[in-house]
Amino acid sequence: MGAVALARARRPGDDGFTLIEAIVAMLIMTVGLLGLAQAFIVGLQHMATSSSNLIAREKAREAVESVHTARDTRTITWAEIRNVSDGGVFLDGALSLNAAGVDGLINTADDSAAGIETQRAPGPNGILGDGDDVLTPLVGFQRRVQILELEPVNPALREVVITITYSVGLQQRTYTLRTFISSFS
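The shown structure was predicted, so the numbers you read here are calculated from the model rather than taken from an experiment.

(A) Here's a closer look at helix α2 (residues 19–72). Over its 54 residues, α2 runs 78 Å from end to end, which matches the ideal 80 Å to within 8%, given 1.5 Å per residue. Where α2 bends most, at S50, the angle is about 40°. After α2 finishes, the residue R74 shows a positive phi value of roughly 60°.

Below you can see the structure in the form of structure tokens.
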């Protein structure tokens, strides 16, 4: 059988892919790979922000616990659990994330002497709490404590709003924690 006879013996559909079919297949594969790359990028961005998000949540929780502890231990009176503008001890506005001062309360007048809070991470030996720990100051964070009166509703109840503002790259983020505190411990 010659070459001409073999060419005639082929069945229709055994010719392979046409150029258009190959281009369409490459286009579909490109769209799929771009979607996968986008998911990878979003995952990396989320991972990069998770540490800052965790710090913001924990610092807001600490602030709420500070207010409740002060009430429970009678460190301050019920009348003092207010912002300074309302005759209380908690400073108004967003402030640097300073450590609690001598009174043990955050966002009060004595906090500036305590300095900026730091994050402690294990040093080169991987052990936390020894001499080679790495301390990172939390300079990109601000905390605002608002104590809102609920006088018409219940004078023995106040709303505590803690807002942590921080930057992740070029993005400004905010974490807000709302809770209530009563005059009864």
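(B) Molecular detail of the side chain of D111. With respect to the helices and strands, D111 occurs in the loop between β1 (95–96) and β2 (118–121). Despite its burial, D111 pairs with no opposite charge; the closest candidate is R143, at 5.5 Å N-O.

(C) Layout of the environment of D111. Its relative accessible area of 3% is what places D111 among the buried residues. Separated by 31 residues in the primary sequence, D111 and E80 place their C-alpha atoms 17 Å from one another. Beyond its immediate stretch of four places on either side in the chain, D111 contacts N98, A99, A100, G101, D103, L105 and I106. A polar contact is formed between the side chain of D111 and the backbone nitrogen of T108, at a distance of 3.0 Å.

(D) Highlighting the sheet that holds β1. Reading across from one edge, β1-β4-β5-β6 is the order of the four strands in this open sheet, with antiparallel pairing throughout. Looking at which strands have only one partner, the edges of the open sheet turn out to be β1 and β6 (171–182). In this sheet, β6 lies alongside strand β5 (residues 157–168) in antiparallel orientation, the contact comprising twelve bridges. Note that in β6 the partner of T165 across the bridge is T174.

(E) Spatial organisation of the pattern of salt bridges. In this structure the tally under the stated criterion is ten salt bridges. The partner of E58 in a salt bridge is R61, with the nearest N and O atoms 2.4 Å apart. Of this pair, E58 and R61 both sit in helix α2, separated by three residues, roughly a single helical turn. Judged by its relative accessible area of 33%, R61 falls in the partly exposed class.

(F) Representation of the nonpolar core within the structure. If you look at the biggest cluster of nonpolar residues, it comprises 23 residues, and the most contacted ones within it are I81, F90, F141, I162 and I164. The element best represented in this core is α2, accounting for seven residues. The residues contacting I81, other than those within four sequence positions of it, are V67, R71, I76, F90, I147, R158 and I181.

(G) Here's a closer look at the packing of aromatic side chains. If you walk through the whole model with that rule in mind, you get one aromatic pair. Sitting above the plane of the W78 ring, R158 keeps its charged end 4.0 Å from the centroid.

(H) Focus on the environment of Q45. The topology assignment puts Q45 in helix α2. Note on Q45: relative accessible area 49%, which makes it partly exposed. Sequence separation between Q45 and V168 is 123 residues, and the spatial gap between their C-alpha atoms is 9.7 Å.

Calculation notes
- Residues numbered from 1 in each chain as written.
- Predicted model: local features only at pLDDT ≥ 70, side-chain atom pairs only at ≥ 80, totals over all residues.
- Heavy atoms only, no water.
- Helix = DSSP H or I, 4+ residues; strand = E, 2+ residues; numbered from the N terminus.
- Expected span 1.5 Å × (residues − 1).
- Bend = angle between axes of the 7 residues up to and from the residue.
- Buried < 20%, exposed > 50% of the residue type's maximum accessible area, 1.4 Å probe, protein only.
- Lys, Arg positive; Asp, Glu negative; His and termini not counted.
- Salt bridge = Lys/Arg side-chain N within 4 Å of Asp/Glu carboxyl O.
- Contact = heavy atoms within 4.5 Å.
- Polar contact = N/O pair within 3.5 Å; in protein donor to acceptor, adjacent residues only side chain to side chain.
- Pairing = 2+ DSSP bridges.
- Core = buried A, V, L, I, M, F, W, Y, C linked by side-chain atoms within 4.5 Å.
- Phe/Tyr/Trp six-rings, centres within 6.5 Å; stacked < 30°, edge-to-face > 60°.
- Lys NZ or Arg CZ within 6 Å of the ring centre and 35° of its normal.

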